[in-house]
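Residue strings, one per chain:
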Amino acid sequence: MKTNGRKASRSAAVATAPSPTTPSTPEERPNPWNVAKQQLGAVCDLLDLDDGLRQVLGTPRKCLTVAVPVRLDSGKTRVFTGHRVQHSTTRGPAKGGIRYHPDVTLDEVKALAMWMTWKCSVMGLPYGGGKGGITCDPKSMSQGELERMTRRYTSEILPIIGPEKDIPAPDVNTNAQTMAWLMDTYSVNKGYTVPGVVTGKPVQVGGSLGRNTATARGLMYTVLYALKHLNLPQTGLRVAIQGYGNAGYFAAKLMHELGFKIIACSTSKGGILVSKGFDPDAVNAHYQRTGSVTGYKGAEAVSNEDLLELECDILLPCALEGQITGRNAARIKARIVGEGANGPTTPEADRVLFENGKFVIPDILANAGGVTVSYFEWVQSLQNYFWTERDVNLRLRDLMERAFESVYAVHKERKVDMRLAAYVVAVGRVAEAHTLRGLYP
Amino acid sequence: MLRKIEAFLTPSKLEPLREVLLKRGIEGMSVLQAQGWGTRSKVRNGKPQFEERVKVEIVLDEDQVDSLIRDIQNLAGSGSLGAGKIFVIPVEDAVRLSTRESGKSAVS
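Here is a short report on the structure shown in this document. (Residues numbered from 1 in each chain as written. Chains lettered and ligands numbered in written order. Predicted model: local features only at pLDDT ≥ 70, side-chain atom pairs only at ≥ 80, totals over all residues.)

1. Details of the sheet that holds strand S6 (residues 84–91) of chain B
Residue and element names in this part refer to chain B.
Link 1 in the chain: Strand order in the open sheet made by the four strands is S2-S5-S1-S6, with antiparallel pairing throughout. Every interior strand has two partners, whereas the edge strands, strand S2 (30–36) and S6, have only one. Recorded for the sheet is a direction-independent mean angle of 25° between the axes of neighbouring strands.
Link 2 in the chain: As paired elements, S2 and strand S5 (residues 51–61) share seven bridges and run antiparallel to each other. Looking at the pairing, valine 31 lines up with valine 56 of S5. (Pairing = 2+ DSSP bridges. Helix = DSSP H or I, 4+ residues; strand = E, 2+ residues; numbered from the N terminus. Axes fitted to C-alpha atoms, helices over the stretch in contact; angles between N-to-C directions.)

2. A few points about the environment of arginine 238 of chain A
Residue and element names in this part refer to chain A.
Link 1 in the chain: As for its position among the elements, arginine 238 is in strand S6 (residues 238–242).
Link 2 in the chain: Measuring from C-alpha to C-alpha, the distance between arginine 238 and isoleucine 263 comes to 6.2 Å, with 25 residues separating the pair along the chain.
Link 3 in the chain: Once you skip the residues sitting within four places of it in the chain, arginine 238 turns out to touch Lys261, Ile263, Cys312 and Asp313. (Contact = placed C-beta atoms within 7 Å.)

3. As for unusual backbone geometry
Glycine aside, a negative phi is what most residues show, and trans is what most peptide bonds show.
Link 1 in the chain: Omega for the bond connecting tyrosine 440 of chain A with proline 441 of chain A falls within 30 degrees of zero, at 0°, which places this linkage in the cis form.
Link 2 in the chain: Along the chain, the position of proline 441 of chain A falls in the segment after helix H15 (418–437).
Link 3 in the chain: Not every positive phi belongs to a glycine, and asparagine 45 of chain B is a case in point at roughly 50°.
Link 4 in the chain: Within the fold, asparagine 45 of chain B resides in the loop between strand S3 (43–44) and strand S4 (47–48).
Link 5 in the chain: Residues other than glycine seldom take positive phi values, yet arginine 100 of chain B does so here, at roughly 65°.
Link 6 in the chain: You can call arginine 100 of chain B exposed: it has 8 C-beta atoms within 10 Å. (Buried ≥ 20, exposed ≤ 12 C-beta atoms within 10 Å, placed from the backbone.)

4. A few points about the pairing of strand S7 (residues 261–267) of chain A
Residues and elements named next belong to chain A.
Link 1 in the chain: Within S7, six of the seven residues are buried, which leaves it mostly tucked inside the rest of the structure.
Link 2 in the chain: Sheet analysis places S6 next to S7, joined by five bridges and oriented parallel. Residue alanine 240 lies in a different strand from S7, and its bridge partner there is alanine 264.
Link 3 in the chain: For the crossover from S6 across helix H8 (residues 246–257) to S7, the handedness is right-handed.
Link 4 in the chain: Taken together, the four bridges between S7 and strand S8 (residues 270–273) define a ladder with antiparallel strand orientation. Pairing of threonine 267 across the sheet is with glycine 270, part of S8.
Link 5 in the chain: From the end of S7 to the start of S8, which pair antiparallel, there are two residues. (Right-handed = clockwise from strand over helix to strand, strands pointing away.)

5. A few points about the nonpolar core
A general feature of soluble globular proteins is that nonpolar side chains tend to end up buried together.
Link 1 in the chain: The biggest cluster of nonpolar side chains holds 126 residues, and the ones touching the most others in it are Val122, Val239, Ile241, Ala251 and Val427 of chain A.
Link 2 in the chain: For this core, the leading source of residues is H15 of chain A, giving 11 residues.
Link 3 in the chain: No fewer than three residues from each of domain 1 (61–196) and domain 2 (214–366) of chain A sit in this core.
Link 4 in the chain: Leave out the neighbours within four places in its chain, and valine 239 of chain A touches Met255, Phe260, Lys261, Ile262, Ile263, Cys312, Ile314 and Leu316 of chain A.
Link 5 in the chain: Counting residues in each nonpolar core, the second largest holds 12 residues, with Ile5, Ala7, Leu17 and Ile58 of chain B among its members. (Core = buried A, V, L, I, M, F, W, Y, C linked by C-beta atoms within 7 Å. Domains from an automatic or database assignment.)

Here's what the structure looks like:
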């Protein structure tokens, strides 16, 4: 699968588009922080915000850069660089993931932190936005090295994180185990267990049930609400899904249960098309066995690029950023595009899709089920009282519906695409909260 | 946690529903004859017309709710307008009079 990244067109974007999460080659993409600020500027214009407010919203509240010395398995010591940025704490503590990747820069972390502020805000969660990262190549590191790096990094950022201040979560190349190490390091330093300092933990140490399927479940709900507004029946509609990881597979499974016909899916090794529809579990079993969805019995092979252009009703890009571009947007046939991945659509493609009457559910809304159940995990951790999975799922549905409807109302009222509508809702709420709290002193 | 499922269905679905409950080991159901109208009902003289339905009430454990809803959806047939509705209601407690059991053990 190609990682087209965000090319020059993004820097000229007018108030569209979300975050890069899977870093591509740095020279291929514009500075993400500049992109984020330009997006904010365009939304502020629409909302007619004053200069002071623009400065507040456009400046991270706190940026901490730390040295992370780690003893490698070879006995040598290597010093990595880590960051933790809190873009906003206006609506609540900062919230956002920690990524390990060779391309991590402070500017990227600042941009991602800002995008987290908007995502939490559009969902109505009582959070600001944050992000963290270490510039490293985790794929060349042992588990022991990763654990020591995580613990030292945690210890370095410890003064600014905490359940009331800033709550990290998994992101690119970090997972539930990483969060368990982070939680343990924080807790040992405090002298007591503090499960609320991170989300995305294993269930055994205070994680939430329903976290695994949350992104897919949220995505499914946004598609259902879109169908309702577009007056389309859900039964028998054809769904094509790019990516068959956590978001893609569970979206296929959940939508199949509701009567949708899942006709295509893919992984980085290629995709399959079964025009009459397939059983997502059977394809997943094949994927787990062979490491690829290709070669599934009775399926036609299809490339990741061609999958996007298939004759279908709903397209769910759940893989990488920058997949729907100016080059292929005009050939997208699906009526609804639900962005399970972050940033799969470039701004240029956005304009084409909008002009062609396609209904794009933007990433900060479509894939926000993950951070929403993170919020539920934090609430449960604070209370040390844990909900049933059904409880988690129902609460998620209700928050997704509320968020979708608030964005849809702006989409209709201002006659803008859903992405811009989502940003208008998100930035507007943070601006309003800041105005209400006022400026100290 | 106990939940009550209230399902409004066409009378022809009663028999298949009983089969489903037996298969799932759910211990019983109550059936009430009902009349009602909804958004999909026929309209005459500007008024939606009452239609014959059955109201089925089943009290069960929360863990069984989603699978039973799926079963009812399957037998009621999605896509057919006027097929009915399901409501899920929290139940504070249940008491089996013959044994004085309460809570989950009173319904399973």
